[in-house]
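Chain residues, written in single-letter form:
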Amino acid sequence: MCHVIVTCRSMLWTLMSIVVAFAELVAFMSAEWLVGYPDGSEFNFTITASHHSDQRTLGIYNRCIKVAQQKVVQCGAYATDFMEIASGFWQATVIFLVIGIFLLSLVAILSVFSMCFQSILKKSIFNVCGLLQGIAGLFLILGLMLYPAGWGSKKVVDYCGPDASPYKVGLCSLGWAFYTAIGGTVLTFICAMFSAQAEIATSSDKVQDEIEEGRSLICVL
């Protein structure tokens with residue numbers, strides 16, 4: 001018999017797992033990793049206040065140009081295949097982030113089913129998901145550590161000026177996507193630790209008592 005078990009801690013963990021997976025996916029797909037303010041040429045980096053209306057952003061594999069006067073935003077991928085990504089460091093970043101996001105997406109799906117199924121192959125679904133989230137967090141950290149090493153690539157120099165080099169962003173600034181990826185990584189480890197609390201909540205004595213009473217829908221605050 002399937003018992004649907006809903007507790008505050010398990011629901012909070014489920015929501016956090018979904019949010020962190022979505023946040024990392026949005027950050028990865030965004031072009032808002034590096035933000036620059038060109039004066040109309042990729043190779044002229046004299047920045048004045050009058051030119052701050054136009055903005056260019058560079059993602060890991062895509063880019064955007066925002067022309068404020070025309071209220072136009074043009075976005076697209078600068079890399080048509082994996083080997084055209086700006087540098088080997090960014091290629092490694094893509095690999096690590098994709099693996100991490102895949103694991104987080106898998107956990108997000110499993111977290112929804114955890115309300116009805118509390119075990120996988122006789123292992124607690126919360127413990128399994130917590131382990132996967134911890135592994136995903138490690139992949140995300142590796143990807144984010146390698147990402148700044150690619151700032152010395154020709155593509156970044158074209159956007160951020162000749163002063164751009166590994167771990168030095170030059171005339172650009174970091175966009176919201178980079179900070180979102182960092183925040184999502186921190187939240188990933190919080191979710192991994194909180195999965196233990198979700199396990200405790202769904203296996204509490206109060207839940208077991210309601211199961212013995214024959215209830216199929218169990219809600220515990």
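In what follows, the structure referred to is the one given above.
Small disclaimer: the values here were computed from a predicted structure and weren't measured. (Residues numbered from 1 in each chain as written. Predicted model: local features only at pLDDT ≥ 70, side-chain atom pairs only at ≥ 80, totals over all residues. Heavy atoms only, no water.)

(A) Main features of the environment of Phe178. Structurally, Phe178 can be placed in helix 5 (residues 176-202). In this structure Phe178 comes out as buried when scored by relative accessible area, which is 9%. Sequence separation of Phe178 and Glu24 is 154 residues, and the distance between their C-alpha atoms is 9.7 Å. If near-sequence neighbours (up to four positions away) are discounted, Phe178 is found in contact with Glu32, Trp33, Leu144 and Tyr147. (Helix = DSSP H or I, 4+ residues; strand = E, 2+ residues; numbered from the N terminus. Buried < 20%, exposed > 50% of the residue type's maximum accessible area, 1.4 Å probe, protein only. Contact = heavy atoms within 4.5 Å.)

(B) Quick look at the state of the cysteines. Under the definition given, this model contains 2 disulfides. Two residues, Cys64 and Cys75, share a disulfide whose sulfurs are 1.8 Å apart. Handedness here is read from the sign of the S-S torsion; for Cys64 and Cys75, about 115°, the answer is right-handed. Of this pair, Cys64 sits in strand 4 (residues 62-67) while Cys75 sits in strand 5 (residues 72-77), and the two are 11 residues apart along the sequence. For Cys64, a relative accessible area of 7% corresponds to the buried category. Covalent S-S linkage joins Cys160 and Cys172, the inter-sulfur distance amounting to 2.0 Å. Because the torsion about its S-S bond is -95°, the bridge between Cys160 and Cys172 counts as left-handed. Of this pair, Cys160 sits in helix 4 (residues 154-160) while Cys172 sits in the loop between helix 4 and strand 8 (173-174), and the two are 12 residues apart along the sequence. When sorted by exposure, Cys160 lands in the same class as Cys172, which is buried. (Disulfide = S-S within 2.5 Å.)

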